[in-house]
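Notes for the structure review
One letter stands for each residue in the lines below.
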Amino acid sequence: MASVSLKHIYKKYSGGVTAVSDFCLEIKDKEFIILVGPSGCGKSTTLRMIAGLEEISEGELFIGDKIVNDVAPKDRDIAMVFQNYALYPHMTVYENMAFGLKLRKTPKEEIKRKVEEAARVLDIAHLLDRRPVALSGGQRQRVALGRAIVRQPKVFLLDEPLSNLDAKLRAAMRTELTKLHSRLQTTFIYVTHDQVEAMTMATRIVVMKDGLIQQVDSPQNLYDYPVNTFVAGFIGTPQMNFINGSVIKRDGNVYFKFGSNELKLPAEKANDEKLQEYIGKEVIAGIRPECIHDEPMYLETLSEWVIDAHVDVTELMGSCIYLYVVAEEQNLIANVNAHSSSTVGSDIKIALDVNRLHLFDKDTEKCIIH
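To keep things clear, this report deals only with the structure shown in the data block. (Residues numbered from 1 in each chain as written. Predicted model: local features only at pLDDT ≥ 70, side-chain atom pairs only at ≥ 80, totals over all residues. Heavy atoms only, no water.)

Let us look at the overall build of the protein. Secondary structure summary: the protein contains eleven helices and 21 strands in total. Projected onto its principal axes, the C-alpha coordinates of the protein cover approximately 80 × 45 × 35 Å. Residues classed as buried in the protein amount to 50% of the 370 residues present. Long-range contacts, defined as pairs at least 24 residues apart, comprise 66% of the intrachain contacts of the protein with a sequence gap of at least 6. Split by element, the accessible area of the protein, about 17,700 Å² in all, is 48% carbon and sulfur. (Helix = DSSP H or I, 4+ residues; strand = E, 2+ residues; numbered from the N terminus. Buried < 20%, exposed > 50% of the residue type's maximum accessible area, 1.4 Å probe, protein only. Contact = heavy atoms within 4.5 Å. Areas by Shrake-Rupley, 256 points an atom, 1.4 Å probe, with all protein chains shown as cover.)

A few words on the pairing of strand E17 (residues 320-327). Where burial is concerned, most of E17 is hidden: six out of the eight residues are buried. Taken together, the six bridges between strand E16 (residues 306-316) and E17 define a ladder with antiparallel strand orientation. Counterpart to glutamate 315 in the pairing with E17 is tyrosine 322. What sits between the antiparallel neighbours E16 and E17 is a turn of three residues, in which glycine 318 has the positive phi angle 95°. Pairing of E17 with strand E18 (residues 330-337) involves eight bridges; the strand directions are antiparallel. Following the sheet pairing, cysteine 320 is matched in E18 by asparagine 337. The loop that links E17 with its antiparallel partner E18 comprises two residues; one of these, glutamate 328, has a positive phi angle of about 50°. (Pairing = 2+ DSSP bridges.)

Before going further, it helps to spend a moment on the packing of aromatic side chains. Summed over all chains, the structure comprises seven aromatic pairs. With centroids separated by 5.0 Å and ring planes inclined at 45°, the aromatic side chains of phenylalanine 156 and phenylalanine 188 adopt a geometry described as tilted. Placement of phenylalanine 156 in strand E7 (residues 155-159) and of phenylalanine 188 in strand E8 (residues 187-192) is noted, with a sequence separation of 32 residues between them. Like phenylalanine 156, the residue phenylalanine 188 is buried in the burial classification. When the centroid spacing of 6.0 Å and the interplanar angle of 70° are considered together, the rings of phenylalanine 242 and phenylalanine 360 count as edge-to-face. Of this pair, phenylalanine 242 sits in strand E11 (residues 241-250) while phenylalanine 360 sits in strand E20 (residues 358-361), and the two are 118 residues apart along the sequence. Among the aromatic side chains, those forming a connected cluster through ring pairs are Phe32, Phe156, Phe188 and Tyr190. For lysine 7, the ring lying beneath its charged end belongs to phenylalanine 62, and the centroid distance is 4.9 Å. When the ring centre of tyrosine 10 is taken as origin, the NZ or CZ atom of lysine 12, which lies over that ring, is 5.2 Å away. (Phe/Tyr/Trp six-rings, centres within 6.5 Å; stacked < 30°, edge-to-face > 60°. Lys NZ or Arg CZ within 6 Å of the ring centre and 35° of its normal.)

So, on to the sheet that holds strand E13 (residues 261-264). Paired through their backbone hydrogen bonds, the strands of a sheet run either parallel or antiparallel. Reading across from one edge, E13-E12-E11-E14-E20-E21 is the order of the six strands in this open sheet, with antiparallel pairing throughout. On the outer flanks of this sheet lie E13 and strand E21 (367-369), each paired with one strand and no other. Averaged over all adjacent pairs, the angle separating strand axes in this sheet is 40°, with direction ignored. Pairing of E11 with strand E14 (residues 282-287), which is carried by six bridges, proceeds in the antiparallel orientation. Residue serine 246 lies in a different strand from E14, and its bridge partner there is glutamate 282. (Axes fitted to C-alpha atoms, helices over the stretch in contact; angles between N-to-C directions.)

Moving on to unusual backbone geometry. Cis peptide bonds are those with omega within 30 degrees of zero, and the linkage from threonine 237 to proline 238 qualifies with -10°. If you trace the backbone, proline 238 turns up in the loop between helix H8 (229-234) and E11. We note that lysine 105 has phi near 60°; this positive angle belongs to a residue other than glycine. Counting through the fold element by element, lysine 105 comes out in the loop between helix H2 (93-103) and helix H3 (108-121).

Reading across the sheet, the six strands line up as E6-E7-E8-E3-E9-E10 and stay open at both edges, with mixed pairing between neighbours. Looking at the sheet topology across the chains shown, the edges are occupied by strand E6 (78-81) and strand E10 (212-217). The mean angle between the axes of side-by-side strands here comes to 15°, regardless of whether they run parallel or antiparallel. As judged from the four bridges shared by strand E3 (residues 32-36) and strand E9 (residues 204-209), these two strands associate in the parallel manner. Paired with valine 36 across the strands is valine 207, a residue of E9. Strands E6 and E7 of the sheet are contacted by helix H4 (residues 137-149), whose axis makes an angle of about 175° with E6.

It is worth spelling out H2 at this point. All buried positions along H2 are accounted for by Val93, Asn96, Met97, Ala98, Gly100 and Leu101. Of the surrounding elements, those touching the buried residues of H2 are H3 and H4. Once H2 ends, the next one or two residues include lysine 105, with phi positive near 60°.

The subject of this paragraph is the side chain of lysine 114. Inspection of the secondary structure puts lysine 114 in helix H3. A relative accessible area of 13% means that lysine 114 is categorised as buried. In this structure lysine 114 touches Leu101, Val150 and Gln152, once residues within four positions along its chain are discounted.

What follows deals with helix H5 (residues 167-184). Between its first and last C-alpha, H5 extends 26 Å over 18 residues, near the 26 Å set by a 1.5 Å rise per residue. Here the buried face of H5 lies against E3, H3, H4, E7, E8 and helix H6 (195-201). For H5, the capping residue at the N-terminal end is aspartate 166, with a side-chain oxygen 3.1 Å from the backbone nitrogen of lysine 168. Just downstream of H5, glutamine 185 is the residue with a positive phi angle, here 55°. (Expected span 1.5 Å × (residues − 1). Polar contact = N/O pair within 3.5 Å; in protein donor to acceptor, adjacent residues only side chain to side chain.)

Right, here's the structure in full:
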């Protein structure tokens, strides 16, 4: 088992294109860390540099206490699982899983033991004689994982391994991967653009944008304490609502004002030193959909933060309804009770739980207060 350390890693291509900039990260032994971000943010490039499939332009990469910048991929003691599984079509499942061990001249009995053990862990023992063409997407993914497991590497690298699966199977495989990590007690480094995968599986999440790390934290802390509007909007489904407005002070109270609405900030937020320099200035407020309510109970308990809104669209999700509303020309999404009486085209009252309001600097988009 091993830790992985990336120190000021850069990836620069000819023509002045920088795919990854000043990437610094300490990955602990046995950690399940996920790199997440939109397409083109540099997450897969970073993974490929760890694997040795991409050359590092600047910086140092350590696996354990050994610097591996110039170490060949096969000598890094890592195993990579690709998006397209990369199975050999002419080989059986057993032969695919055994292939890497055969190249290492592992004794046949040991190969048989390791392949059968991995197949049992992944519940594919009954598929060992089949070829990839006769397998479903989920079964192929398990075979690809099995091929990695038998090598017992120090680090597993997984590049969007679930993106080719349908939604139901993807959800099931998320659970299986979490169990597998717990069972193997090995370091997992996983790349995805799907923040749901990141939130449900990771020990820590690395949020990336334009080749730069935006924030590294536990899933819950990323959700509750995003450092900027990008992280706030990327983490969470539906995404956080953003409202353009200003901070004003009157009669000793501090308000967030947008349009004709003035939302009095709770004392804890109003008295925050960081907020004082934004009095009279424009800011961006962020509020999660589940913090906007249309139920009578909330309209009463949060009465000082009730505003008018118009319902444009409703989406029934089974356990809840997403209300797409307009308030003072601002588009908002509310996650409300499935038995909500709000209907398309109606004018309603909504209550914003300002206790859970975030405020961001309009220019830098960095968080001022949570």
